[in-house]
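# Close look at the chain arrangement
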Amino acid sequence: MRVLVALTRDISPSMASCELTHLARVPIDVERARAQHREYEQALTEAGCRIERLASGLDMPDSVFVEDIAIAFDELAIVTRPGAEPRRVEVPALAQALERHRPLRFIVPPGTLDGGDVLIAGRRVFVGLSTRTNADAVAQMRQMLAPHGYTVCAVTVRGCLHLKSAVTAVADDTLLVNPQWIGKDVLSGFRFVEVDPAEPMAANALRVGDLVIYPDACPRTAERLARHGSTLRLVDASEVAKAEGAVTCCSVIFEANTDHGGHGGRGGTNSRTV
Ligand code: CIR
């Protein structure tokens, strides 16, 4: 039976001091953020995930955004070197947690990579060149992934923090996209649902199996997705949004090993578009 693991991490008591790039700082209600994070984990459970939650700390305000620290493939996991230097303290615990599930590869200097810049579509991996992710990291990823049959394609991100602020997958063949932030021409072979122009932050959706976990703050785009045929599980993500995060950022999802024998290595095709 297919079992999914979702790695998550506690909201830090210091979340209000998070990194910010495009947003102005506004107060964050940490208790509310915690309650919303529990609801998010509940949605992941409903989608079939087993939650493995890591502890946070005062020294890691952005700890909840685990997506940026590691990217899980069927065959291996890539541990990043986050573009924001203060976030590198988040790395060791993620690496330790993932090492039980996958062989690890590490991005090394001068490479910098945030997992929010990585969109996996079967054997195609799109990597956003952003303020956090550089070409050296893309070259390192190419070397790590080529032996497993993946192609890695660098795409330029403009106007937003990460590639997945601009585009995420809502089905194997369909991407939810904000065309102001990413050119659709670089994402050939897909169908597209565009965000409602009044909701620029709406392109981040988390697809898990048949369910799309989606922020309730984007009702117009939610309607477009429903019309397209997506089954939405709405969540309130208001507090992580103030920290420039969204729904994909708060988990690292992968198939659990079924062989009880340590690392993955199932050798099949990467079946997910995430
Ligand atoms: C940061 O700037 O690093 C955090 N405040 C937000 C990271 C959001 N992560 C993501 O979109 N993957």
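The preceding data block contains the structure.
In what follows, the accompanying structure is described. (Residues numbered from 1 in each chain as written. Predicted model: local features only at pLDDT ≥ 70, side-chain atom pairs only at ≥ 80, totals over all residues. Heavy atoms only, no water.)

### So, the overall build of the protein chain
Per the secondary structure count, the protein chain includes six helices and 15 strands. Taking 274 residues into account, the globule formula puts the C-alpha radius of gyration at 19 Å, and the protein chain, at 17 Å, falls close to it. By residue count, 56% of the 274 residues in the protein chain fall in the buried class. Accessible surface, the protein chain as shown: approximately 11,200 Å² in total, 54% of it carbon and sulfur. (Helix = DSSP H or I, 4+ residues; strand = E, 2+ residues; numbered from the N terminus. Rg over C-alpha atoms; globule rule 2.2 N^0.38 Å. Buried < 20%, exposed > 50% of the residue type's maximum accessible area, 1.4 Å probe, protein only. Areas by Shrake-Rupley, 256 points an atom, 1.4 Å probe, with all protein chains shown as cover.)

### As for the site of the ligand
Looking at the ligand, there are 14 residues lining it, with Glu19, Asp62, Glu67, Asp68 and Ala243 nearest. At 2.8 Å from an oxygen atom of the ligand is found a side-chain nitrogen or oxygen belonging to Arg132. His162 places a polar side-chain atom, nitrogen or oxygen, 3.0 Å from an oxygen atom of the ligand. Broken down by class, the residue content of the shell around the ligand amounts to four nonpolar, three polar and seven charged. (Near = heavy atom within 4 Å. Polar contact = N/O pair within 3.5 Å; in protein donor to acceptor, adjacent residues only side chain to side chain. Nonpolar A, V, L, I, M, F, W, Y, C, P; charged D, E, K, R; others polar.)

### Thoughts on the environment of Glu41
Mapping Glu41 onto the fold places it in helix α1 (residues 30-46). We classify Glu41 as buried; its relative accessible area is 5%. C-alpha separation for the pair Glu41 and Ile51, spaced ten residues apart in sequence, amounts to 7.1 Å. Residues in contact with Glu41, not counting those within four places in the same chain, are Thr8, Ile51 and Arg53. (Contact = heavy atoms within 4.5 Å.)

Purely spatial values, then, with no claim about function.
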